[in-house]
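Commentary on secondary and tertiary structure
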Amino acid sequence: MYAGPQYKKVSALLLRWFDKNARDLPWRRTTDPYAIWVAEIMLQQTQVDTVKPYYDRFLDRFPTVRRLARARPDSVLKMWEGLGYYCRARNLHRAAASIVRDFDGHIPHARDELLTLPGVGLYTAGAIASIAFNRDEPVVDGNVTRVLCRLFRIRQDPRSSRIRKRLWHLAGELLPAGKARPFNQAMMELGATVCLPRRPLCQVCPLRRLCSANEHGEQEKLPRRASKKPLPRHKVVVAVIYRKGRILIDKRKPDGLLGGLWEFPGGKVRSGESLEAALRREVREELGVEVRIVRPLVTVQHSYSHFAIALHAFECTHASGRPRCRGCVDFKWVLPQQLKNYAFPAANKKIFAAIPRQGSKRRS
Ligand code: SF4
């Protein structure tokens, strides 16, 4: 373990390296705090290459925080469709309203004020304060955690609160005053491009001579990883219900998993229940209608962060009952070609290609 002048050496080497090696990313070409905030939210749990097109489209559509605050929730979700973790979009939208209302439309500079915004935690507050405003605030994300655990050869579990506290402290100690903007980005960049989870590129790393894990040949063992448990798997059924050439879709409640998105009615199959029985029960519970099952359409596999599903889609016709929202907040009968106008979860979208434009002959 080292301190004092060695810390200065780490930051000097890292800053020099970043100056020459920083990737040209769209959110690095701007100093607009709103654009940086949008990028930081999109980059949570999501790869840079996935984020790029979403970032550009989102800013084209909502170029300022005021435009975002005025947008309808549906149009914000539509722009987020496919990016996942939809609570980020809902929180971004709520936070925009709060910035307009409480901060006169200006993104706050101070970490404590940023922390009052929906969806902004310690990491995001530090990232916005430092990258947008060059405030001396540290950041610790997955990449920084990996670099620090290796640099300081931290062998304890980085998810424990004691080690998390230590990582934040170290990130703060390493931060050179007045250079938070490049330094924090340099730490994250090193983790993303050199200090990789597997096979880190130590031979080209600017910190190789100071890195304790490199010295002891323990790079691949750190940070300590939790043993991965297999994801629980669920069977889910959904109904593509036709009536007079239109399809019935409904909108999920605003909060919780996939909140505010549109979907085909359906839900989880109970243990011992047949797919068909589950389908009829779920549609009845959700919308109060009875369906006639015409045929299985397609089965798609999809994984979320904490579970995986096999999604069985059936073509159905409407048999009886006027739809009423019981387990949803809205419903619509739409033409098959209009489905693309609504924000659907990725698993539902995988069904689109199997949906006939008219439904089969036995449609009502
Ligand atoms: S020397 Fe290797 S393990 Fe150490 S910080 Fe650099 S890339 Fe990571």
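Residues numbered from 1 in each chain as written. Predicted model: local features only at pLDDT ≥ 70, side-chain atom pairs only at ≥ 80, totals over all residues. Heavy atoms only, no water.

1. What to know about the overall build of the protein chain
We apply this condition: Numbering of helices and strands starts at the N terminus; helices are DSSP runs of H or I of at least 4 residues and strands are runs of E of at least 2. The cut-offs for exposure are 20% and 50% of the maximum accessible area for each residue type, with area from a 1.4 Å probe on protein chains only; residues under the lower value are buried, those over the upper are exposed, and the others partly exposed. Computed with the Shrake-Rupley method and a 1.4 Å probe, the accessible areas treat only the protein chains shown as cover for residues. Charge counting treats Lys and Arg as positive and Asp and Glu as negative, with His and both chain ends excluded. Taken as the charge centre is NZ of Lys, CZ of Arg, CG of Asp or CD of Glu, depending on the residue.
Across its full length, the protein chain carries 14 helices and 7 strands. Seen through its principal axes, the protein chain has C-alpha atoms that stretch 80 × 50 × 30 Å. Across the 364 residues that make up the protein chain, the buried fraction comes to 51%. Surface exposure of the protein chain reaches about 18200 Å², of which carbon and sulfur atoms provide 50%. Taking the average place of the 67 positive charges on the side chains of the protein chain and the average place of its 33 negative ones, the gap between the two points comes to 5 Å.

2. Considerations on the site of the ligand
So the rule is basically this: If even one non-hydrogen atom of a residue comes within 4 Å of a molecule or strand, that residue is called near it. Note on residue categories: nonpolar means Ala, Val, Leu, Ile, Met, Phe, Trp, Tyr, Cys or Pro, charged means Asp, Glu, Lys or Arg, and polar means any other residue, Gly included.
Around the ligand, the neighbouring residues are R150, C195, C202, C205, R208, C211, N214 and Q219. Looking at the shell around the ligand, its residues break down into 4 nonpolar, 2 polar and 2 charged.

3. Re the packing of helix α5 (residues 73-80) against helix α6 (residues 87-102)
Basically, it comes down to this: Each axis is a line fitted through C-alpha atoms, and for a helix only the stretch in contact is used; angles between axes span 0 to 180 degrees, taken between their N-to-C directions. Roughly parallel refers to an angle under 35 degrees, roughly antiparallel to one over 145, roughly perpendicular to one between 65 and 115, and oblique to any angle outside these ranges. Crossings are assigned a handedness: left-handed for a near helix turned anticlockwise from the far helix by less than a right angle, right-handed for a clockwise turn. Two residues form a contact once any of their heavy atoms are found within 4.5 Å.
Contact geometry for α5 and α6: axes closest at 9 Å, N-to-C directions at 135°. In terms of orientation, α5 and α6 fall into the oblique class. α5 and α6 meet at a crossing whose hand is right-handed. In this structure, α5 uses P73, V76, L77 and W80 to contact α6, whose residues at the interface are R88, A89, R90, L92 and H93. For the contact of α5 with α6, the residue count by class is 6 nonpolar, 1 polar and 2 charged.

4. Some words on the side chain of S11
With respect to the helices, strands and loops of the structure, S11 is situated in helix α1 (residues 5-21). The contacts of S11, once residues within four sequence positions are left out, are L174, P176 and F183.

5. Remarks on the state of the cysteines
Under the convention used in this document: The criterion for a disulfide is a pair of cysteine sulfur atoms lying within 2.5 Å.
Under the counting rule described, the total for this entry stands at 0 disulfides. Not engaged in a disulfide, the cysteine C325 finds its nearest cysteine sulfur in C328; these two sulfurs lie 3.2 Å apart.

6. Digging into the packing of aromatic side chains
Test applied: For Phe, Tyr and Trp, rings pair up if their centres lie within 6.5 Å, where Trp contributes its six-membered ring, and each pair is then called stacked (planes under 30 degrees apart), edge-to-face (over 60) or tilted (otherwise).
For the structure on display, the rule yields 10 aromatic pairs. Summarising the aromatic geometry, the rings of F58 and W80 are spaced 5.8 Å apart at their centres and angled 85° between planes, so their arrangement reads as edge-to-face. Of this pair, F58 sits in helix α3 (residues 48-61) while W80 sits in helix α5, placing them 22 residues apart in sequence. Take W80: its relative accessible area is 0%, and that puts it in the buried class.

7. Side note on the environment of V269
Structurally, V269 can be placed in the loop between β4 (266-268) and α13 (275-287). Overall, the relative accessible area of 13% leaves V269 in the buried class. Note: C-alpha distance between V269 and G121 (148 residues apart in sequence) is 36 Å. Filtering out sequence-adjacent residues up to four positions away, V269 remains in contact with K235, V236, V237, S274, L275 and A278.

8. Side note on the packing of helix α9 (residues 142-151) against helix α11 (residues 180-193)
Following both chains from N to C, one finds α9 and α11 inclined at 85°, their axes separated by 8 Å at the closest point. Comparing the axis directions of α9 and α11 gives the class roughly perpendicular. For the pair α9 and α11, contact is made by N143, V144, R146, V147 and L148 and by M187, M188, L190, G191 and A192, respectively. When the residues that make up the contact of α9 with α11 are grouped by side-chain class, the tally is 7 nonpolar, 2 polar and 1 charged.

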